[in-house]
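Residues per chain, in single letters:
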Amino acid sequence: MKLSSIKKGPFTLFTIETGRFSLDGGAMFGVVPKNMWAKKIPADEFNRIPMAMRSLLVHSENTDRLYLIDNGSGNKFDEKMSQIYGLHYPYGTLESSLAHFGFSPDDVTDMVFSHLHFDHCGGSSDVDADGNLHLVFKNATHWVSRMQWVNANAANAREKASFLPENIDPIRNSGKLKLLAEGHEFEPGFTVEIVNGHTKGQVLPCFDTEDFKMVFGADLIPTYAHIPLPWIMGYDLYPVDTLKEKERLLAKWADEKRFIYLEHDANHELVQVLHDNGRFSSSEACTLNDV
């Protein structure tokens, strides 16, 4: 997909492609039957659906800060793991996407994580020729919610496989980690919503300007097909909490005509929520270029 961008108020937002992967469709849709979800996102011969790892780069003209929200799975998987997840790069890498807009990792001042599962924070570190881990965004403050940081460092057996030491330890050891809480404001017009369900303390960055409202959907709304209330991932640790968060937020977002930036949807970048008699659905998709 073509990389897109838009300027709204003091913010210029850029689509960043970090790679594509595949996950089991049944796991992605939990209790929803395959004959329903496959009509929206068809599966391959291994029952996997295509997934994006679509990050968001934000430049503020008021502060000259350059924020990156999530950074994909990175380059540290071996061949076996790359094949298991079907990793490929048809639309570019994290580095090539940044370069497309004239930036490099060194320019990023703030690395903001929705959460610390491998497909959201793996690009934070890489391995040098001697096999040593190093931080990719060496000049950036690394932001994680306090609740997520505690959870990631005391994960239960089910979630532990998503919190990889090679991703988290370089952040821990960087001296550049800052923990945030509900209500955190990076600057006027850029705040966060903290939600639970998929994992504890997931951060949803929110942008509000005079004529534009957008939320980074992360893994609360990973694809357009996850907008209806019961369409919840089997990966979610606390699915009933996910349901409560969706009930709390979707009506509000519909009333605000807020766009949802879809991190994992292979074919849809932005949608809005439609609300009709308690039922939620999505508008037609568009890109940042179209807004």
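As a reminder, the structure under discussion sits directly above these lines.
Residues numbered from 1 in each chain as written. Predicted model: local features only at pLDDT ≥ 70, side-chain atom pairs only at ≥ 80, totals over all residues. Heavy atoms only, no water.

**Concerning the overall build of the chain**
A tally of helices and strands in the chain yields eight helices and 16 strands. Taking 19 Å as the expected radius of gyration for a compact globule of 291 residues, we find that the chain reaches 18 Å, a close match to that expectation. Once the C-alpha set of the chain is aligned to its principal axes, its extents read approximately 55 × 45 × 35 Å. Taken across its 291 residues, the chain has 54% of its residues classed as buried. Contacts in the chain between residues at least 24 apart in sequence constitute 68% of all its contacts with a sequence separation of at least 6. Looking at the chain, you have 28 positive and 40 negative side-chain charges, and the mean spots of the two groups are 4 Å apart. (Helix = DSSP H or I, 4+ residues; strand = E, 2+ residues; numbered from the N terminus. Rg over C-alpha atoms; globule rule 2.2 N^0.38 Å. Buried < 20%, exposed > 50% of the residue type's maximum accessible area, 1.4 Å probe, protein only. Contact = heavy atoms within 4.5 Å. Lys, Arg positive; Asp, Glu negative; His and termini not counted. Charge placed at Lys NZ, Arg CZ, Asp CG, Glu CD.)

**Side note on helix 8 (residues 239-256)**
End to end, helix 8 covers 25 Å across 18 residues, agreeing with the expected 26 Å (1.5 Å per residue, within 8%). If you look at helix 8, its biggest bend is around 25°, right at Leu249. All of the buried residues in helix 8 are Thr242, Glu245, Lys246, Leu249, Leu250, Ala251, Trp253 and Ala254. Where helix 8 is buried, its residues contact strand 11 (190-195), strand 12 (202-209), strand 13 (212-216), strand 14 (259-261), strand 15 (270-276) and strand 16 (279-282). Phi turns positive one or two residues past the end of helix 8, at Lys257, with a value near 55°. (Expected span 1.5 Å × (residues − 1). Bend = angle between axes of the 7 residues up to and from the residue.)

**Quick notes on the side chain of Glu17**
Mapping Glu17 onto the fold places it in strand 2 (residues 11-24). Classification of Glu17 as buried rests on a relative accessible area of 2%. Polar side-chain contacts of Glu17 include one of 2.8 Å to the side chain of Arg20. Dropping the residues within four chain positions of it, Glu17 is found in contact with Met1, Leu3, Met53, Arg54, Tyr91, Gly92, Thr93, Leu94 and Ser97. (Polar contact = N/O pair within 3.5 Å; in protein donor to acceptor, adjacent residues only side chain to side chain.)

**Quick notes on the state of the cysteines**
Per the stated rule, a full pass over the model turns up zero disulfides. A disulfide-free cysteine, Cys206 has its sulfur positioned 17 Å from the sulfur of Cys286, the nearest such atom. (Disulfide = S-S within 2.5 Å.)

**Observations concerning the packing of aromatic side chains**
Enumeration according to the criterion identifies 15 aromatic pairs in this entry. Relative to Phe103, the ring of Phe14 has its centre 5.6 Å away and its plane inclined at 70°; by these criteria the two rings are edge-to-face. Of the two residues, Phe14 sits in strand 2 while Phe103 sits in the loop between helix 4 (94-100) and strand 5 (110-112), which places them 89 residues apart along the sequence. A relative accessible area of 10% places Phe14 in the buried class. (Phe/Tyr/Trp six-rings, centres within 6.5 Å; stacked < 30°, edge-to-face > 60°.)

**Things to note about the layout of surface pockets**
Within this model, the largest pocket holds a volume of roughly 390 Å³. Around the largest pocket, the lining comprises 21 residues; the ones closest to its centre are Tyr85, His117, Phe118, Ser162 and Tyr235. Put simply, the parts of the chain that give the lining of the largest pocket at least two residues each are strand 2 and helix 5 (118-121). When grouped by side-chain class, the residues that make up the lining of the largest pocket number 13 nonpolar, four polar and four charged. When its volume is computed, the second largest pocket comes out at roughly 150 Å³. Broken down by element, the residue count for the lining of the second largest pocket peaks at four residues, all from helix 7 (residues 165-172). Residues that form the lining of the second largest pocket fall into these classes: seven nonpolar, one polar and three charged. (1 Å grid on protein atoms, 1.4 Å probe; cavity = no way out; pocket = protein on both sides within 12 Å on 5 of 7 lines; lining within 4 Å. Points joined across faces, edges and corners; volume = space filled by probe spheres on them. Nonpolar A, V, L, I, M, F, W, Y, C, P; charged D, E, K, R; others polar.)

**With respect to the environment of Leu164**
Relative to the elements of secondary structure, Leu164 occurs in the loop between helix 6 (146-152) and helix 7. With 84 residues separating them in the primary sequence, Leu164 and Arg248 have C-alpha atoms 31 Å apart.

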